[in-house]
Amino acid sequence: QVQLIESGGGLVQAGGSLRLSCAASGRGRTMGWFRQSPGKEREFVAAISATDSSTYYADSVRGRFTISRDNAKNTVYLQMNSLKPEDTAVYYCAARDRMLAVKTVSLWPYWGQGTQVTVSS
């Protein structure tokens, strides 16, 4: 069983920055970040490959968010800059075996408990 533990959420003003972390158990896998706001479906944010660290981003965060990983620590990060009120959500870390169709929520079998990010205007 894969365990994913997120940290780093909080309250920040618009234009500010936050860094989320996700510590994973087990072998290295493709890792992703998703988010969910009240009344909305969970949506893809970013993903990073286990093999070559290639990355993929949602259009809404490209250029503002950066996903990275430290394989020695089996940890993935999401650096969030230029935050906007519409970025407010619970952010979830996820893991899977393949870097394929990464936007599809149902294809990710492993999930963390989520961490709240609130951006005030």
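Predicted, not measured: the structure shown is a model, and the values here were computed from it.

### Here's the deal with the overall build of the protein chain
- Across its full length, the protein chain carries zero helices and 11 strands.
- Starting at the N terminus and ending at the C terminus, the protein chain contains elements arranged as β-β-β-β-β-β-β-β-β-β-β.
- Against the globule reference of 14 Å for 121 residues, the protein chain gives a C-alpha radius of gyration of 13 Å, in line with a compact fold.
- Principal-axis analysis of the C-alpha atoms gives the protein chain an extent of 40 × 30 × 25 Å.
- Going through the 121 residues of the protein chain one by one, you find that 44% of them count as buried.
- Contacts in the protein chain between residues far apart in sequence, at least 24 positions, make up 58% of those at least 6 positions apart.
- Just so you have it, the protein chain exposes about 6,200 Å², and 47% of that area is on carbon and sulfur atoms.
- Between the centroid of the 14 positive side chains of the protein chain and the centroid of its 9 negative side chains there is a distance of 3 Å.

### Considering the sheet that holds strand 1 (residues 4-7)
- Strand order in this open sheet of four strands is 1-3-8-7, and the pairing throughout is antiparallel. The outermost strands of the open sheet, each flanked by one partner alone, are strand 1 and strand 7 (65-70). When strand polarity is set aside, the average angle formed by the axes of neighbouring strands in this sheet is 15°.
- Two elements, strand 3 (residues 18-24) and strand 8 (residues 75-80), share six bridges in a ladder whose sense is antiparallel. Each bridged residue has a counterpart across the sheet, and for Arg-19 the counterpart in strand 8 is Gln-79.

Each value, and the rule that gives it
Residues numbered from 1 in each chain as written. Predicted model: local features only at pLDDT ≥ 70, side-chain atom pairs only at ≥ 80, totals over all residues. Heavy atoms only, no water. Helix = DSSP H or I, 4+ residues; strand = E, 2+ residues; numbered from the N terminus. Rg over C-alpha atoms; globule rule 2.2 N^0.38 Å. Buried < 20%, exposed > 50% of the residue type's maximum accessible area, 1.4 Å probe, protein only. Contact = heavy atoms within 4.5 Å. Areas by Shrake-Rupley, 256 points an atom, 1.4 Å probe, with all protein chains shown as cover. Lys, Arg positive; Asp, Glu negative; His and termini not counted. Charge placed at Lys NZ, Arg CZ, Asp CG, Glu CD. Pairing = 2+ DSSP bridges. Axes fitted to C-alpha atoms, helices over the stretch in contact; angles between N-to-C directions.

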